[in-house]
Amino acid sequence: MKRKEYIGYLFILPLVILFLIFIVYPIVYNIIISFYNWNGISIEKDFAGLSNYIVLLKNPIMIKIIKNFIVFALCTIIIQAFFGLIFSSLFINKLKFSGFYRIIFYIPVIATPAIVGNIFSKIFETNRGYLNQLLRLTGFNSLTGQWLADPKLALGCIIFVNTWQWTGYSMLLYYANMLNIPQDLYEAATIDGANKLRQFTKITFPLLRGTHFTLFIMGMLGSLKCFDLPYVLTKGGPNYATEFLSTYIYKLSFNLFDQGQASALVVIMFLIAMVITLVQLKLYYRNDKDKELAG
């Protein structure tokens, strides 16, 4: 091996060391702890085998958590993609003050979820919340509700807040990729007599396929590790109506002091993320291959 190659390895060595210490080691240690009964404080750890995984899989709360994840993920991904696509289509057509509107729509994205959660907790508060006060002032007393205390409404409120915050991100991705679509395609379609709606369905939407997949993968993974909003707004309640994997991991670790089950749930969460990503990537590349063969 040449001296220059040794020097190159020395340059990346600090990064490799940091990666091993802060990424690889915590993952391996978490997997090891998932096979023990441990409160996270004491020195002694009792080997439990697969019992932590078995207890979690038999826990009825896990059914609620998975249901919450599926409902939250599908609703937020579809709604954000829909509105993001609509707004980006308006802005790409040189709407007046479109630059200003793009900034306004993107501002919520740069806010931290904890701040957004605190703001909306004051809006949805039952007694003196801004939403209920507005409904009372306008004479719609019958529409007031315990938005975050009602199991039927709490998850919907979190979906609304998440959609409000992240639709601007979907809009920006769609807008950026729309700029890369050749204008020749639209000019040819116009000559052939295609209206704006037909151009959108036959040209714009299919050519944004990569963006659709990107938003879907990122949305699924983001929903899987969602923590800030449900914890700030409801702390997983009421009656586990807004409990997610990440919030339940927090409760197992710091409220119940069951580090073994918390670590086991982290492993399960990691495996779910891996399966979601692999399935979606396989579908994505299969469709690309079919498209190449058809071409």
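Residues numbered from 1 in each chain as written. Predicted model: local features only at pLDDT ≥ 70, side-chain atom pairs only at ≥ 80, totals over all residues. Heavy atoms only, no water.

Participant: Would you mind showing me how to read the overall build of the chain here?
Facilitator: Tallying secondary structure elements over the chain gives 13 helices and two strands in all. Radius of gyration (C-alpha) of the chain: 24 Å, far over the 19 Å computed for a compact globule of 295 residues. Taken over 295 residues, the chain has a buried fraction of 35%. Of the contacts formed within the chain by residues at least 6 apart in sequence, a portion of 66% connects residues at least 24 apart. Per element, the accessible surface of the chain, about 18600 Å² overall, is 69% carbon and sulfur. In the chain, 25 positive and 14 negative side-chain charges are present, and the distance between their average locations comes to 4 Å. (Helix = DSSP H or I, 4+ residues; strand = E, 2+ residues; numbered from the N terminus. Rg over C-alpha atoms; globule rule 2.2 N^0.38 Å. Buried < 20%, exposed > 50% of the residue type's maximum accessible area, 1.4 Å probe, protein only. Contact = heavy atoms within 4.5 Å. Areas by Shrake-Rupley, 256 points an atom, 1.4 Å probe, with all protein chains shown as cover. Lys, Arg positive; Asp, Glu negative; His and termini not counted. Charge placed at Lys NZ, Arg CZ, Asp CG, Glu CD.)

Participant: I tried to follow the packing of aromatic side chains on my own but got confused; where do I start?
Facilitator: Applying the stated criterion across every chain, the model contains 18 aromatic pairs. Seen from their ring centres, Y36 and F47 are 5.5 Å apart, and the 80° between their planes marks the pair as edge-to-face. In this pair, Y36 is assigned in strand β1 (residues 36–37) and F47 in strand β2 (residues 46–47), connecting sequence segments 11 residues apart. Note on Y36: relative accessible area 25%, which makes it partly exposed. Measuring from centroid to centroid gives 6.1 Å for F83 and F87, while their planes differ by 25°, and the two rings are stacked. Of this pair, F83 and F87 both sit in helix α3 (residues 60–92), four residues apart, roughly one helical turn. (Phe/Tyr/Trp six-rings, centres within 6.5 Å; stacked < 30°, edge-to-face > 60°.)

Participant: I tried to follow the packing of helix α7 (residues 154–178) against helix α10 (residues 209–224) on my own but got confused; where do I start?
Facilitator: Contact pair α7 / α10: the axes reach a minimum separation of 10 Å and the direction vectors enclose 155°. When the axis of α7 is compared with that of α10, the two are roughly antiparallel. In the crossing of α7 with α10, the sense of the turn from one axis to the other is right-handed. Contact residues: Y169, S170, L173, Y174 and N177 in α7; T211, H212, L215 and M218 in α10. Here the contact of α7 with α10 is built from residues that sort into five nonpolar, four polar and no charged. (Axes fitted to C-alpha atoms, helices over the stretch in contact; angles between N-to-C directions. Parallel < 35°, antiparallel > 145°, perpendicular 65-115°, else oblique. Left-handed = near helix turned anticlockwise from the far one by under 90°. Nonpolar A, V, L, I, M, F, W, Y, C, P; charged D, E, K, R; others polar.)

Participant: Where do I start with unusual backbone geometry in this structure?
Facilitator: Backbone geometry follows two general trends: most residues other than glycine have a negative phi, and most peptide bonds adopt the trans configuration. The linkage connecting G237 with the following residue, P238, adopts the cis geometry, with an omega of -5°. Tracing the sequence through the fold places P238 in the loop between α11 (228–233) and α12 (245–255). Positioned with a positive phi, K235 is a non-glycine residue whose angle comes to about 55°. For Y240, which is not a glycine, the phi torsion comes out positive at approximately 60°. Considering the arrangement of structural elements, one finds Y240 in the loop between α11 and α12.

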